[in-house]
Amino acid sequence: MDAKRKCTGGNPITLAKALAYSQNFATAYLVHEVGAAEVAALTKRMGITSDVPNYPSISLGAYEASVFDMVGAYSAFVNQGTWIEPTAILRIEDKNGTPIYDKAPKVVKALNSESAYIIVDMLKKVVSQGTARRIQWKYNLTNPIGGKTGTTNDNSDAWFIGITPELVTGVWTGAEDRGISFDRMEYGQGLLQRCRCLLSLCKKSIKIQI
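The rules behind these values
Residues numbered from 1 in each chain as written. Predicted model: local features only at pLDDT ≥ 70, side-chain atom pairs only at ≥ 80, totals over all residues. Heavy atoms only, no water. Pairing = 2+ DSSP bridges. Helix = DSSP H or I, 4+ residues; strand = E, 2+ residues; numbered from the N terminus. Axes fitted to C-alpha atoms, helices over the stretch in contact; angles between N-to-C directions. Contact = heavy atoms within 4.5 Å. Expected span 1.5 Å × (residues − 1). Buried < 20%, exposed > 50% of the residue type's maximum accessible area, 1.4 Å probe, protein only. Arc of directions from axis to C-beta.

J.: Hey, could you go over the sheet that holds strand β7 (residues 168-174) for me, with residue numbers and the actual values?
T.: In a beta sheet, neighbouring strands pair by backbone hydrogen bonds and run either parallel or antiparallel. Ordered by their spatial adjacency, three strands build an open sheet running β5-β6-β7, and the pairing between neighbours is antiparallel. Unpaired on one side and paired on the other, β5 (146-151) and β7 mark the two borders of the sheet. Ignoring which end each strand starts from, the neighbouring axes of this sheet average 10° apart. Those strands touched by helix α4 (residues 67-78) are β5, β6 (157-163) and β7, and its axis lies near 150° from that of β7.

J.: Now, about helix α5 (residues 113-128): what can you tell me, with residues and values included?
T.: Compared with an ideal rise of 1.5 Å per residue, which puts 16 residues at 22 Å, α5 spans 23 Å between its outermost C-alpha atoms and is within 8% of the ideal. Turning to α5, its buried residues number three or more, namely A116, I119, V120, M122, L123, V126 and V127. End-on, the buried residues of α5 take up no more than an arc of 165°, which puts them together on one face. Turned more than 90 degrees away from the buried face of α5, the exposed residues are E114 and Y117.

J.: Which residues make up unusual backbone geometry, and what values go with them?
T.: Although it is not a glycine, S22 adopts a positive phi angle of roughly 55°. Here S22 lies in the loop between α1 (15-20) and α2 (24-34). The exposure class of S22 is partly exposed, given its relative accessible area of 26%. You will see that Q80, though not glycine, has its phi angle at about 60°, which is positive.

Here it is as structure tokens:
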């Protein structure tokens, strides 16, 4: 996945660098090579419940996805390629300890462990040297962190999905009305500060199962 790709009119770039700096032309080229149908199928295996069309434009995120689904999907990367259905309540017992509700989350092997490891390594570069590098140097976070920033057309939405070995968190800033947008991309990046508060919890000795 680190092989250099040539795009028309541009210089070779690694997929890791393209992800780190949100160079979406490389993503578009990759989807063209692999096929939009394959990418859409993988997206569904990783728990995205909204409609994912088999169009080349999915390389640019041209479909709706909730923060809930996105956090669940990213958890597959840190779970060695295994997607586990996000579940708020696993079990309820009555006062005598008798189960009255029991939920077994769905478990899907979405991608192989080797690919998941490579993706995690690439996501770490987004934070260490790419579009989310501010989250480490500005807020003095030294624990292992990866993630991905994202924006939509006209800066209507701003995203950040962050991963650590023990926690996956997502933050979205925007409005339901697509007519509302940020004047500049920087205005939406205040979400990095909110996500920083969550990721900093991993500095402490907490154990969160995902």
